[in-house]
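This is what each chain is made of:
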Amino acid sequence: MTEAGRLLAGTLTASLAHDLRNVLAVIRTAAFLATQPERTPRELEKITRNADRGLALIELVLGMVRGERPERAPFEPLRALRDAAEEYRGMLEFELPAMIPEVLGVAPLLTSAFVVLLDNAHGAGARRIRVHYAATDTFSDPAETPPSLTLFLADDGPGIPPEMTECIFDADASARAGGTGLGLWFARYALEQMGGALALGPTSENRAGASFQITLPRTI
Ligand SMILES: Nc1ncnc2c1ncn2[C@@H]1O[C@H](COP(=O)(O)OP(=O)(O)OP(=O)(O)O)[C@@H](O)[C@H]1O
Ligand SMILES: [Mg+2]
């Protein structure tokens with residue numbers, strides 16, 4: 001492995017620890033709740049879903065070492081968004097579209113990217129998340145303009161600190177006590193490996209809060 005490859009592998013491994021900590025904490029709580037008399041099927045679904053997320057994250061890191069990109073499949077992004085929102089039930093309120101067109105990628109990795117964004121929004125003090133999307137059409141020549149879908153996530157928190165806007169996706173950029181700065185770096189890496197992107201969203205004069213945008217290829 002080259003020096004650059006070794007550096008990337010180091011950052012990826014640390015990022016994996018960042019996201020797996022979240023996955024295992026959810027599994028631990030859901031497993032405890034599943035032993036209680038008032039358990040619901042939701043706890044077991046949570047365990048399965050988070051185990052899938054953990055496995056997809058590990059596959060992503062092993063793929064880097066093997067020099068392979070993750071295997072993509074068509075899926076509904078709304079499902080991935082709802083899975084992430086489920087982890088923030090009672091903490092954040094959501095305004096979601098009724099449907100979102102299918103995309104190509106790895107569903108649990110999109111859930112993980114959403115979890116990073118929701119974790120940051122919640123940590124910054126946001127209460128509400130609004131999601132909308134824009135899709136390019138699937139009729140034009142895909143060789144010229146491959147069809148894509150962009151999801152916009154906006155929160156009602158204090159917004160990105162001005163000194164963070166230039167470096168927010170760097171692996172060590174954090175303005176939070178105890179933060180690693182790895183969350184957004186890893187979410188962006190995962191989306192890029194799926195042929196997508198993660199960026200700061202558009203800012204509007206009258207809307208406070210932070211906004212991010214995720215782009216993924218659309219299925220044709
Ligand atoms: N929704 C948001 N509102 C306000 N600031 C944000 C938001 N999302 C990200 N940030 C800023 O971006 C920084 C980087 O986020 P990132 O997830 O990469 O790392 P972190 O949250 O600081 O660390 P960790 O994820 O380990 O807790 C945060 O420290 C915060 O300053
Ligand atoms: Mg974070």
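Read on for an overview of the structure. (Residues numbered from 1 in each chain as written. Chains lettered and ligands numbered in written order. Predicted model: local features only at pLDDT ≥ 70, side-chain atom pairs only at ≥ 80, totals over all residues.)

## Quick notes on the overall build of the chain
Phase 1: Secondary structure summary: the chain contains 5 helices and 7 strands in total.
Phase 2: Order of helices (α) and strands (β) in the chain, N terminus to C terminus: α-α-β-α-β-β-α-β-β-α-β-β.
Phase 3: C-alpha atoms of the chain, sized along the principal axes, occupy 55 × 50 × 40 Å.
Phase 4: Here the chain, with 220 residues, has 30% of them falling under the buried criterion.
Phase 5: Contacts spanning at least 24 positions in sequence make up 71% of the contacts within the chain whose residues lie at least 6 apart. (Helix = DSSP H or I, 4+ residues; strand = E, 2+ residues; numbered from the N terminus. Buried ≥ 20, exposed ≤ 12 C-beta atoms within 10 Å, placed from the backbone. Contact = placed C-beta atoms within 7 Å.)

## As for helix H1 (residues 3–34)
Phase 1: Counted at 1.5 Å a residue, the expected span for H1 with its 32 residues is 46 Å, and the 46 Å between its end C-alpha atoms agrees.
Phase 2: For H1, the full list of buried residues reads Leu12, Ser15, Asp19, Val23, Val26, Ile27 and Ala30.
Phase 3: If you follow the buried residues of H1, they end up packed against helix H2 (41–66), helix H4 (107–124) and helix H5 (182–193). (Expected span 1.5 Å × (residues − 1).)

## Some points on the site of ligand 1
Phase 1: Neighbouring ligand 1 are 24 residues, the closest being Asn120, Ser174, Ala175, Gly179 and Gly183.
Phase 2: If you list the elements that add at least two residues to the shell around ligand 1, you get H4 and H5.
Phase 3: Looking at the shell around ligand 1 residue by residue, the classes come out as 13 nonpolar, 9 polar and 2 charged. (Near = placed C-beta within 6 Å. Nonpolar A, V, L, I, M, F, W, Y, C, P; charged D, E, K, R; others polar.)

## Looking at the environment of Val23
Phase 1: Positionally, Val23 belongs in helix H1.
Phase 2: Ignoring sequence-local partners within four residues, the contact set of Val23 consists of Asn50, Arg53 and Gly54.

## A word on the environment of Gly54
Phase 1: Within the secondary structure, Gly54 sits in helix H2.
Phase 2: Here Gly54 falls in the buried class, since 20 other C-beta atoms lie within 10 Å of it.
Phase 3: On a C-alpha basis, the gap between Gly54 and Gly209 in space is 30 Å, while along the polypeptide they are 155 residues apart.

## Some thoughts on the packing of helix H3 (residues 77–86) against H4
Phase 1: Remark: H3 packs on H4, axes separated minimally by 8 Å, with the N-to-C direction vectors making an angle of 45°. Here H4 runs oblique to H3, going by the angle between their axes. Along this stretch, H3 crosses H4, giving a crossing that reads as right-handed. Of the residues in H4, those in contact with Pro77, Arg79, Ala80, Leu81, Asp83 and Ala84 of H3 are Ala107, Leu110, Thr111, Phe114, Val115 and Leu118.
Phase 2: Looking at the contact of H3 with H4 residue by residue, the class counts come to 9 nonpolar, 1 polar and 2 charged. (Axes fitted to C-alpha atoms, helices over the stretch in contact; angles between N-to-C directions. Parallel < 35°, antiparallel > 145°, perpendicular 65-115°, else oblique. Left-handed = near helix turned anticlockwise from the far one by under 90°.)

## Looking at the sheet that holds strand E2 (residues 93–95)
Phase 1: In space, the 5 strands of this open sheet follow the order E2-E4-E5-E7-E6, with mixed pairing throughout. Here the strands that pair on one side only, and so sit at the sheet edges, are E2 and strand E6 (197–200). This sheet shows a mean twist of 20° between the axes of neighbouring strands, independent of strand direction.
Phase 2: Judged from the 7 bridges that link them, strand E4 (residues 128–135) and strand E5 (residues 148–155) form a sheet pairing that is antiparallel. Bridge pairing in E5 links Ala135 to Leu149. (Pairing = 2+ DSSP bridges.)

## Focus on H4
Phase 1: Spanning 18 residues, H4 covers 26 Å between terminal C-alpha atoms, matching the ideal 26 Å at 1.5 Å per step.
Phase 2: Buried residues dominate H4, accounting for 14 of its 18 residues.
Phase 3: Just downstream of H4, Gly125 is the residue with a positive phi angle, here 105°.

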